[in-house]
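Here is how the chains run, residue by residue.
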Amino acid sequence: MLTYDQRELLEEIEYSGMDVASHLYDLMGSPSIEKLSENLRCLIVEAKYLVEKAEELHKLVGVTEDKG
């Protein structure tokens, strides 16, 4: 059973993952170098956020598992 905090993090990860997918799609259709650069920056920022949230969830699940 997931805790409230774990469910919240999973939801953030889900939305962030959708944002990453959207940025990847935008990246493929970038009409110019400037737009490509902008889309790549957005992708990197969102991917970093996704990793941070996944690491938070991992720590939170680890703490929960240790408690029993």
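The coordinates are above.
Analysis parameters
Residues numbered from 1 in each chain as written. Predicted model: local features only at pLDDT ≥ 70, side-chain atom pairs only at ≥ 80, totals over all residues. Heavy atoms only, no water. Helix = DSSP H or I, 4+ residues; strand = E, 2+ residues; numbered from the N terminus. Rg over C-alpha atoms; globule rule 2.2 N^0.38 Å. Buried < 20%, exposed > 50% of the residue type's maximum accessible area, 1.4 Å probe, protein only. Areas by Shrake-Rupley, 256 points an atom, 1.4 Å probe, with all protein chains shown as cover. Expected span 1.5 Å × (residues − 1). Salt bridge = Lys/Arg side-chain N within 4 Å of Asp/Glu carboxyl O. Lys, Arg positive; Asp, Glu negative; His and termini not counted. Contact = heavy atoms within 4.5 Å. Patch = residues over 30% accessible without salt bridge, like charges linked within 9 Å, V, L, I, M, F, W, Y side chains within 5 Å. Charge placed at Lys NZ, Arg CZ, Asp CG, Glu CD.

Focus on the overall build of the chain
Here is step 1 of the chain: In terms of helices and strands, the chain carries two helices and zero strands.
Here is step 2 of the chain: For 68 residues, the compact-globule estimate of 2.2 N^0.38 gives 11 Å, and the C-alpha radius of gyration of the chain, at 16 Å, exceeds that figure by more than 25%.
Here is step 3 of the chain: Principal axes of the C-alpha set define a box for the chain whose edges measure 55 × 15 × 10 Å.
Here is step 4 of the chain: Going through the 68 residues of the chain one by one, you find that 19% of them count as buried.
Here is step 5 of the chain: Total accessible area on the chain is roughly 5,300 Å²; 61% of this is exposed by carbon and sulfur atoms.

Considerations on helix α1 (residues 4–28)
Here is step 1 of the chain: Between its terminal C-alpha atoms α1 stretches 37 Å, which fits the 36 Å expected from 25 residues at 1.5 Å a residue.
Here is step 2 of the chain: Turning to α1, its buried residues number three or more, namely Q6, L9, I13, S16, V20, H23 and L27.

A look at the environment of Q6
Here is step 1 of the chain: Along the polypeptide, Q6 turns up in helix α1.
Here is step 2 of the chain: A relative accessible area of 2% means that Q6 is categorised as buried.
Here is step 3 of the chain: For the pair formed by Q6 and R41, sequence separation is 35 residues and the distance between their alpha carbons is 28 Å.

Quick notes on the pattern of salt bridges
Here is step 1 of the chain: Taken as a whole and judged by the stated rule, the model has three salt bridges.
Here is step 2 of the chain: In this structure, K35 and E38 form a salt bridge, with 3.6 Å as the shortest nitrogen-oxygen distance. Highlighted residues: K35 and E38, both in helix α2 (residues 33–67), separated by three residues, approximately one helical turn.
Here is step 3 of the chain: Note on K35: relative accessible area 33%, which makes it partly exposed.
Here is step 4 of the chain: When the shortest N-O distance is used, the salt bridge between E56 and K53 registers 3.3 Å.

Thoughts on the side chain of E46
Here is step 1 of the chain: By the element assignment, E46 lies in helix α2.
Here is step 2 of the chain: Buried charge E46 goes without a salt bridge, the closest partner of opposite sign being K53 at 9.9 Å.
Here is step 3 of the chain: In this structure E46 touches S16, D19, V20 and H23, once residues within four positions along its chain are discounted.

Points about a negative patch on the surface
Here is step 1 of the chain: Taken together, the side chains of D5, E8, E11 and E14 present a region of like negative charge at the surface.
Here is step 2 of the chain: Looking at the secondary structure, you find D5 in helix α1.

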